[in-house]
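Listed below are the residues making up each chain.
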Amino acid sequence: LVVGIAGCTGTETPTTTDTGAKQTYIIGIDAEYPPYSYLDKDGNAIGFDVDSAKWIAEQQGFEVKFQPTAWDGIIPALQAGKIDMVYSGMTITDERKEKVNFSIPYWQVNQTVAIHNDTAVTMDNFYAGTLIVGAQRGTTGQIWVEENLIDSGKMPSENLKLYDSFPLVAADLQNKRIDAAIYDKPPMLDAIADKPAHIIGEIDTGEVYGIAIRKTDTELLETMNEGLTKLMADPYWEELKTTWDM
Ligand code: ARG
């Protein structure tokens, strides 16, 4: 369990003089997931989820540190104790629930499909499984394509190209190395904003985001649920939506 005391190694007497020692929780984020979690030009974590986590920490009396972590390995990193939670637009799925606990849901999204402006492919082509599709490895976009197009035999599995981060998918869409990209709507909008690409369809997955926490950390789960409940009832929640344009 990574519960550090801010500024201490654990063997020395805490030197904090004010409120005493607060617990520090390490929050794992995908650092390329705007508008939820990403880095500013100085390398500081920013975004809707980052601001939410800071607000909850303030309310619930703990400190947070943000740890950029490869998305595809983020649940193993949580299980191994390298981070204490994942607060980074993670969809609550039954498969993930076998490995970790999730907080109450705090956001709902759909998957979207985007194409290059110069191509004329349609959602019918996408659903028929004839396109080369790019997705971020380990995401619900990947899982949707596998479960709905590949497993049913409509799409050859080699037509699904997986990438470690979504900016790499968007770059290959721009280069026309793939016909289409699939991703959660808000980060998709962000990723294609400066590219010759647009969304052609939304898949109504209705998936919801939650904070992932180790199964053994039941107290932390309660703390985060309490914090989320407070946050979503606070005027700051509306302010956050405006700030991050959602
Ligand atoms: N919501 C999707 C999922 O849970 C995509 C999340 C990608 N998140 C991220 N921080 N890269 O798989």
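Here the residue numbers are simple positions, counted from 1 along each chain's written sequence. Reporting in this predicted model follows two pLDDT cut-offs: at least 70 for local features of residues, and 80 or more for side-chain atom pairs to be given and counted; totals over whole chains, interfaces and linings ignore these cut-offs and use all residues. In computing side-chain values, all of the structure's heavy atoms are included and hydrogens and water are not.

1. So, the packing of helix α8 (residues 218–233) against helix α9 (residues 235–243)
Convention adopted: a line fitted to C-alpha atoms gives each axis, helices being fitted over their contacting stretch, and angles between N-to-C directions are expressed from 0 to 180 degrees. Think of it this way: any DSSP run of H or I at least four residues long counts as a helix, any run of E at least two long counts as a strand, and we number them from the N terminus. Closest axis-to-axis distance for the α8/α9 pair is 4 Å, and the angle between their directions is 75 degrees. With respect to each other, α8 and α9 are oriented roughly perpendicular. Residues Leu231, Met232 and Ala233 of α8 touch α9, and the partners they reach there are Pro235, Tyr236, Trp237 and Leu240. For the contact of α8 with α9, the per-class residue count stands at seven nonpolar, no polar and no charged. Small angles under 35 degrees read as roughly parallel and large ones over 145 as roughly antiparallel, with 65 to 115 read as roughly perpendicular and the rest as oblique. Throughout, a contact is declared for two residues whenever any of their heavy atoms are within 4.5 Å. Gly is put with the polar residues, along with every residue not named as nonpolar or charged; the nonpolar set is Ala, Val, Leu, Ile, Met, Phe, Trp, Tyr, Cys and Pro, and the charged set is Asp, Glu, Lys and Arg.

2. A few points about the site of the ligand
In these notes, residues near a molecule or strand are those with any non-hydrogen atom within 4 Å of it. Asp30, Ser88, Thr91, Arg96 and Asp184 are the nearest of the 15 residues found near the ligand. Nitrogen and oxygen atoms within 3.5 Å of one another constitute a polar contact, given that in protein one can donate a hydrogen and the other can accept it, and given that sequence-neighbouring residues count only through two side-chain atoms. Between the ligand and glycine 89, the relevant distance is 2.9 Å, taken from a nitrogen atom to a main-chain nitrogen or oxygen of the residue. Within the side chain of tyrosine 183, one N or O atom sits 3.4 Å away from a nitrogen atom of the ligand. Here, Shrake-Rupley sampling with a 1.4 Å probe gives the accessible areas, and only protein chains in the shown set may cover a residue. In the complex, 100% of the free accessible area of the ligand, which totals 330 Å², lies under the protein chains. For the shell around the ligand, the residue count by class is five nonpolar, seven polar and three charged. A domain assignment, automatic or from a database, supplies the domain bounds used here. Counting contributing residues per domain, the shell around the ligand is built from domain 1 (4–106 + 210–243) and domain 2 (109–207), each supplying no fewer than three.

3. Quick notes on the domain arrangement of the protein chain
The domain architecture assigned to the protein chain consists of domain 1 (4–106 + 210–243) and domain 2 (109–207). Distance between the C-alpha centres of domain 1 and domain 2: 28 Å. With twelve residues of domain 1 at the contact, the number on the domain 2 side is 14 residues. Buried area counts how much accessible surface, traced with a 1.4 Å probe, disappears from two parts once they are put together, with both parts' losses summed. Buried surface at the junction of domain 1 and domain 2, summed over both partners, amounts to about 1,100 Å²; 52% is from carbon and sulfur atoms. Contact with domain 2 buries area across many residues of domain 1, yet Glu32, Tyr33 and Thr91 alone supply 38% of it, more than any other trio. For this analysis, a salt bridge means a side-chain nitrogen from Lys or Arg found within 4 Å of a carboxyl oxygen belonging to Asp or Glu. At the boundary of domain 1 with domain 2, the tally comes to zero salt bridges. Inspection of the domain 1/domain 2 interface yields six residue pairs in polar contact (both at pLDDT 80 or more).

4. Quick notes on the pairing of strand β2 (residues 23–29)
Exposure categories follow from relative accessible area, calculated using a 1.4 Å probe and restricted to protein chains: below 20% of the type maximum is buried, above 50% is exposed, and the middle band is partly exposed. β2 sits mainly inside the fold: six of its seven residues count as buried. We treat two strands as partners when DSSP finds at least two bridges between them. Both β2 and strand β7 (residues 85–86) contribute to a ladder of two bridges, which runs parallel. Each residue of the ladder has a partner; that of glycine 28, found in β7, is valine 86.

5. As for α9
Considered for burial, the residues of α9 that qualify are Tyr236, Trp237 and Leu240. For α9, the buried positions fall inside an angular range of 105 degrees around the axis, keeping them on one side. Projecting away from the buried face of α9 at angles above 90 degrees are the exposed residues Pro235 and Thr242. Looking at the buried side of α9, the elements it contacts are α1 (48–60), β9 (107–116) and α8. The opening residue of α9, the one whose side-chain oxygen lies 2.9 Å from the backbone nitrogen of tyrosine 236, is aspartate 234. The first or second residue beyond α9 is aspartate 245, which carries a positive phi of 60 degrees. To be clear, the arc concerns the directions from the helix axis to the C-beta atoms.

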